[in-house]
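Survey of secondary and tertiary structure
Here is how the chains run, residue by residue.
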Amino acid sequence: MRSVTQRRAGWAAWLAASCLAGCGGFAAFASRYPDNEPDQVGALLERLDAAAPREAVPIAVGVTPAPMKLFAYHLQTRRVLWQVPVAARFEPFLAGRTVVVQETQAVAGYDLATGQRTFSVDPEDMILNGADGAGDAVVFTLTRGLGTLADSEVVLVEDGSVSWRREFERQVGSPAIVGSAVLVPWGTQFLSALDLDNGKEFARIRVRDGVIAHAFADTSGVYLGSQHGVTRVTASVGSGTLKGSGYLSLPDRELPGQPLFLRDVYLP
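Residues numbered from 1 in each chain as written. Predicted model: local features only at pLDDT ≥ 70, side-chain atom pairs only at ≥ 80, totals over all residues. Heavy atoms only, no water.

As for the sheet that holds strand 10 (residues 151-158)
Quick reminder of the rule: For two strands to be treated as a pair, DSSP must find at least two bridges joining them. By the criteria applied, helices consist of DSSP H or I runs no shorter than four residues and strands consist of E runs no shorter than two, each listed in order from the N terminus. Simply put, an axis is a line fit to the C-alpha atoms, just over the touching stretch for a helix, and the angle between two N-to-C directions goes from 0 to 180 degrees.
Ordered by their spatial adjacency, four strands build an open sheet running 8-9-10-11, and the pairing between neighbours is antiparallel. The open sheet has two edge strands, strand 8 (127-134) and strand 11 (161-168), and neither has a second partner. The sheet shows a mean angle of 15° between the axes of neighbouring strands, direction not considered. Pairing geometry for strand 8 and strand 9 (residues 137-144), over seven bridges, is antiparallel. When the bridges of strand 9 are listed, alanine 131 appears paired with phenylalanine 140.

Overview of the nonpolar core
The line we're drawing: By nonpolar core we mean a set of buried residues, namely Ala, Val, Leu, Ile, Met, Phe, Trp, Tyr and Cys, connected to one another through side-chain atoms within 4.5 Å. Only protein chains enter the accessibility calculation, which uses a 1.4 Å probe; a residue is then buried when its area is under 20% of its type maximum, exposed when over 50%, and partly exposed in between. We call two residues contacting when some pair of their heavy atoms lies within 4.5 Å.
Leu44, Val178, Leu183 and Leu224 are the most contacted members of the largest nonpolar core, which totals 23 residues. Looking at this core, the elements that each hand over two or more residues are helix 2 (38-50), strand 12 (176-178), strand 13 (181-186), strand 14 (190-195), strand 15 (201-206), strand 16 (214-218) and strand 17 (221-226). In terms of residue count, the dominant contributor to this core is helix 2 (four residues). Once residues within four sequence positions are removed from consideration, leucine 224 is found in contact with Leu191, Ile212, His214, Ala215, Gly229, Val230, Thr231, Val233, Val237 and Leu242. Trp164, Val172, Val182 and Phe190 belong to the second largest nonpolar core, which has 16 residues in total.

Some details on the pairing of strand 15
The element strand 15 is largely enclosed, with a buried count of five among its six residues. Pairing analysis gives five bridges linking strand 14 to strand 15, with the strands arranged antiparallel. Counted as the bridge partner of alanine 193 is alanine 203 from strand 15.

Quick look at the structure:
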């Protein structure tokens, strides 16, 4: 297991080597990457528009009480598709064709159709924050610590093997795969768009009137937001506005149980 000092030293060495090699752009999550550049935001919107729409999946996943089992349940036929023993630390995530769950010693993926284990990744004492999938690709985020003292990692798995990993010294949120883009919220105000093939950042959005903790796609579009509210990704988001046209939030009045739109990923 690498220490925080080793991880940061490795990141600095990689960044220096990339610059010496004459890379033509910024590394993923580079601190000096420009925000809300019109050409880059336009390229991101083009990728999102070109992506195939998400299909509705009538399957719920969960974990039973002890003896603990991970299961998939078909909502239309009202039957359990499969269940397998698991030592889950937290709730599972439905990520496309894969169920992602943090176990005692690993972050593991299970095939949604069969329950067969498809991959296992060492989280290095980090906590699974979110996951998403499209086709044979699965992305998930890991975090240790809070705020500016946090260390995080974005991991892309394809066909059961890790394709790339990107380290970052800030908290990250719950990611999404949309077409050829991986959308990663971080630092409460930022969204970085990484290329699915190589993990290189090609666009960054910063909002100043809300919190970006989750990125997700459904049959109607691509959305950003947090427990406070969500908005559909349009050109207005690229101008730094989250609470523009299409922003949805819970009523101002207090509701029973104080429900949230989404889980607060920036809390411990």
